[in-house]
Amino acid sequence: MGMIGNYITVTAELLQAIRDEEISLHGIEPKLDIDKAWQALHYTLSGGGTEEGSALGAVVPMNGQHYAGHYSDAEVFVLEPEQVKETAAALEGIEEAYMRERYQFRQMLDEGVYPLVDDDEPEEFFDYMYTYFTAMKEFYRTASADQAYVVFYIS
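Each value, and the rule that gives it
- Every chain is numbered on its own, with residues counted from 1 as its sequence reads.
- Only residues with pLDDT of 70 or above have their local features reported here, since the model is predicted, and side-chain atom pairs are shown and tallied only from 80 upward, although totals for entire chains, interfaces and linings are computed over all residues.
- In computing side-chain values, all of the structure's heavy atoms are included and hydrogens and water are not.
- Here a strand is any run of E in DSSP of at least two residues, a helix any run of H or I of at least four, and the numbering for each starts at the N terminus.
- Using C-alpha atoms as the atom set, the radius of gyration is obtained and then compared with a globule rule of 2.2 Å times the number of residues to the power 0.38.
- Exposure classes here rest on a 1.4 Å probe applied to the protein chains alone. A residue is buried below 20% of its type maximum, exposed above 50%, and partly exposed in between.
- Contacts are assigned to residue pairs with any non-hydrogen atoms lying within 4.5 Å of each other.
- Note on areas: Shrake-Rupley with a 1.4 Å probe; residue coverage comes only from the protein chains shown.
- For two strands to pair, DSSP has to find at least two bridges joining them.
- Here an angle of 0 to 180 degrees is reported between the N-to-C directions of two axes, which are lines fitted to C-alpha atoms, with helices fitted over the stretch in contact.
- Multiplying 1.5 Å by the helix residue count minus one yields the expected span of that helix.
- The arc in question is traced by the directions running from the helix axis to the C-beta atoms.
- Take the buried Ala, Val, Leu, Ile, Met, Phe, Trp, Tyr and Cys residues and link them wherever side-chain atoms come within 4.5 Å; each set so joined is a nonpolar core.
- Orientation is classified from the angle alone, with under 35 degrees giving roughly parallel, over 145 giving roughly antiparallel, 65 to 115 giving roughly perpendicular, and any other angle giving oblique.

Help me out: how do you make sense of the overall build of the protein chain in this one?
A tally of regular secondary structure across the protein chain gives 6 helices and 5 strands. Reading the helices (α) and strands (β) of the protein chain from amino to carboxyl end gives β-α-β-α-β-β-α-α-α-α-β. For 155 residues, the compact-globule estimate of 2.2 N^0.38 gives 15 Å, and the protein chain sits close to it at 15 Å. Principal-axis analysis of the C-alpha atoms gives the protein chain an extent of 45 × 35 × 25 Å. Counting over 155 residues, the protein chain shows a buried share of 46%. Nonlocal contacts in the protein chain, meaning residues at least 24 apart in sequence, comprise 73% of its contacts between residues at least 6 apart. Of the roughly 7700 Å² that the protein chain leaves accessible, carbon and sulfur atoms contribute 48%.

Can you help me understand the sheet that holds strand E2 (residues 31–33) in this one?
Two strands in a sheet stick together by hydrogen bonds in their backbones, pointing the same way (parallel) or opposite ways (antiparallel). As summarised here, the arrangement of the 5 strands in space is E2-E1-E5-E4-E3, forming an open sheet in which the pairing is antiparallel. Taken across any chain shown, the strands that pair with only one partner, and hence form the sheet edges, are E2 and strand E3 (67–71). Here the strands of the sheet are splayed against their neighbours by 25° on average, with no regard to which way each runs. Sheet analysis places strand E1 (residues 5–10) next to strand E5 (residues 149–154), joined by 6 bridges and oriented antiparallel. By the bridge assignment for E5, Tyr-7 is matched with Phe-152. Strands E1, E2, strand E4 (74–79) and E5 of the sheet are contacted by helix H6 (residues 122–145), whose axis makes an angle of about 15° with E1.

What is the right way to look at helix H3 (residues 81–92) in this model?
Side chains three or four residues apart in an α-helix point the same way, a direct result of the helix having 3.6 residues per turn. Along its 12 residues, H3 runs 16 Å from first to last C-alpha, staying within 8% of the 16 Å computed at 1.5 Å per residue. By the burial criterion, the buried members of H3 are Val-84, Thr-87, Ala-88 and Leu-91. Projected down its long axis, H3 shows its buried positions confined to an angular sector of 100°, all on one face. Buried-residue contacts for H3 involve E4, H6 and E5.

I would appreciate a short explanation of the nonpolar core in the present structure.
The nonpolar side chains of a soluble globular protein tend to be buried with one another. With 38 residues, the main nonpolar core has Tyr-7, Ile-34, Leu-41, Met-99, Phe-133, Met-136 and Tyr-140 as its most contacted residues. When residues of this core are traced back to their parent elements, those giving at least two are helix H2 (38–45), E4, H3, helix H5 (105–110), H6 and E5. Ranked by residue count, the leading element in this core is H6, at 10 residues. Apart from the residues within four sequence positions on either side, Met-136 is in contact with Tyr-7, Leu-32, Ile-34, Leu-41, Leu-45, Val-59, Val-60 and Leu-91. Within the second largest apolar cluster, 14 residues are counted, among which are Leu-25, Ala-68, Ala-74 and Tyr-149.

I'm lost on the packing of H2 against H6 in this one. Help?
Packed helices, taken two at a time, are described by the angle their axes make and the gap between the axes. As a packed pair, H2 and H6 sit with axes 10 Å apart at the nearest point and diverge in direction by 80°. Looking at the two axes, H2 sits roughly perpendicular to H6. Facing H2, whose interface residues are Ala-40, Leu-41, Thr-44 and Leu-45, H6 presents Phe-125, Met-129, Tyr-132, Phe-133 and Met-136.

Purely geometric stuff here, so don't read any function into it on its own.
Here is the structure:
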């Protein structure tokens, strides 16, 4: 078993219930599971950290700006509805060619980006990662239309 990236959409009230530990975020559906691709996607979209504070750096929100705390045995990151809208808009124009251009397999492997290991095949891993990217793009589109908060956590 590995570290799986999960997204859920919530209202302000449900987010407060999570923070008050009245409800576990693990039981909230629907959610988007991006398997173990979360850090590689973050690295690719954030340019290896050079765009941490940008809308693309927030697609997989892993910086202090989005950190909400430790709830339900997980580190939780939250994007507010306006940030979700900005992130969804940034994702709209991104297609496979853009992702391939930013994809740095060897550099990610050298830097220990999860879940890469030496015997991974670059093209096979890109396909794996890109499948989850397309699901995230749709997830953010829907979350933006719903004016929802997005919660990201690793389980």
